[in-house]
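# Structural overview
Chain by chain, the residues run as shown.
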Amino acid sequence: MDEHVPMVEASRFGSHVHVRRSNGAEAFVWANGSIMSVEAPSHTASHGQTIDLAVLDEVFAYEDDRVEQAVAPAMISRPSPQLWLTSTAGGERSWYLWRKIESGREHVDRPGGVAYFEWSAPDDADPANPEVWRACMPALD
């Protein structure tokens, strides 16, 4: 919140948002009734809420799917909910992320329901080659 509040307040949208700073209930409350909040990654995350978009960040650190299981019921009644998973590469303990990567790769050639975006180098790519970096790091440059 500390990073995003000044940017939002200084933007053209600043007059359309109220920043709620209550400890444990921090959120952006928009004029149209939308709420953007941060939830701690736990098995009770978003319990009792209704969610149109859930963004799980740095899922390489998730060792199981309890956070997804916590937010999924909050999305079930929405007409077109979206679950976004963002992360850098995981390690051997990142089975949740690797399962999602495998599923995403399988869905690439299937119609409907899943959008999958991956920026990574081939297994045989030279990690010291700047051209490899540019091919798989969209934020570079």
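All figures in this text were calculated on a predicted structure; none of them were measured in a lab.

## Observations regarding the overall build of the chain
Looking only at helices and strands, the chain features four helices and five strands. Dimensions of the chain along its principal axes, counting C-alpha atoms only, are 50 × 35 × 30 Å. Across the 141 residues of the chain, 19% fall into the buried class. Contacts spanning at least 24 positions in sequence make up 44% of the contacts within the chain whose residues lie at least 6 apart. Accessible area of the chain: about 10600 Å², with a carbon and sulfur share of 54%. Seen as two clouds, the 11 positive and the 22 negative side-chain charges of the chain have centres 7 Å apart.

## Brief notes about the pairing of strand E2 (residues 27-30)
As paired elements, strand E1 (residues 17-20) and E2 share four bridges and run antiparallel to each other. Note on E2: the bridge partner recorded for Arg20 is Ala27. The antiparallel pairing of E1 with E2 creates a hairpin that spans six residues between the two strands, and Gly24 there sits at a positive phi of about 90 degrees. Inspection of the sheet shows E2 paired to strand E3 (residues 35-37) by three bridges, in the antiparallel sense. Looking at E3, one finds that Ala27 is bridged to Ser37. Adjacent in sequence and paired antiparallel, E2 and E3 are bridged by four residues, among which Gly33 carries a positive phi angle near 100 degrees.

## Re the nonpolar core
A general tendency of soluble globular proteins is for nonpolar side chains to be buried together. Formed by Leu56, Val59, Tyr62, Val67, Tyr96, Leu97 and Ile101, the largest nonpolar core amounts to seven residues. The biggest single contributor to this core is helix H3 (residues 95-107), with three residues. Setting aside anything within four residues of it in sequence, one finds Ile101 in contact with Tyr116 and Glu118.

## Regarding the side chain of Glu68
Considering the arrangement of structural elements, one finds Glu68 in helix H2 (residues 66-75). Overall, the relative accessible area of 18% leaves Glu68 in the buried class. In terms of polar contacts, Glu68 uses its side chain to reach the side chain of Tyr96, at 2.6 Å. Side chain to side chain, Glu68 and Lys100 meet in a polar contact 3.0 Å long. For Glu68, the residues in contact, after removing those within four places along its chain, are Leu56, Leu83, Tyr96 and Lys100.

## Concerning the pattern of salt bridges
For the coordinates displayed, the defined rule picks out nine salt bridges. In this structure, Arg134 engages Glu131 in a salt bridge whose closest nitrogen and oxygen atoms are separated by 3.7 Å. With a gap of three residues between them, Arg134 and Glu131 both fall in helix H4 (residues 130-136), about one helical turn apart. The class for Arg134 is partly exposed, based on a relative accessible area of 43%. You can call Glu131 exposed: its relative accessible area is 53%.

Definitions and cut-offs
- Residues numbered from 1 in each chain as written.
- Predicted model: local features only at pLDDT ≥ 70, side-chain atom pairs only at ≥ 80, totals over all residues.
- Heavy atoms only, no water.
- Helix = DSSP H or I, 4+ residues; strand = E, 2+ residues; numbered from the N terminus.
- Buried < 20%, exposed > 50% of the residue type's maximum accessible area, 1.4 Å probe, protein only.
- Contact = heavy atoms within 4.5 Å.
- Areas by Shrake-Rupley, 256 points an atom, 1.4 Å probe, with all protein chains shown as cover.
- Lys, Arg positive; Asp, Glu negative; His and termini not counted.
- Charge placed at Lys NZ, Arg CZ, Asp CG, Glu CD.
- Pairing = 2+ DSSP bridges.
- Core = buried A, V, L, I, M, F, W, Y, C linked by side-chain atoms within 4.5 Å.
- Polar contact = N/O pair within 3.5 Å; in protein donor to acceptor, adjacent residues only side chain to side chain.
- Salt bridge = Lys/Arg side-chain N within 4 Å of Asp/Glu carboxyl O.

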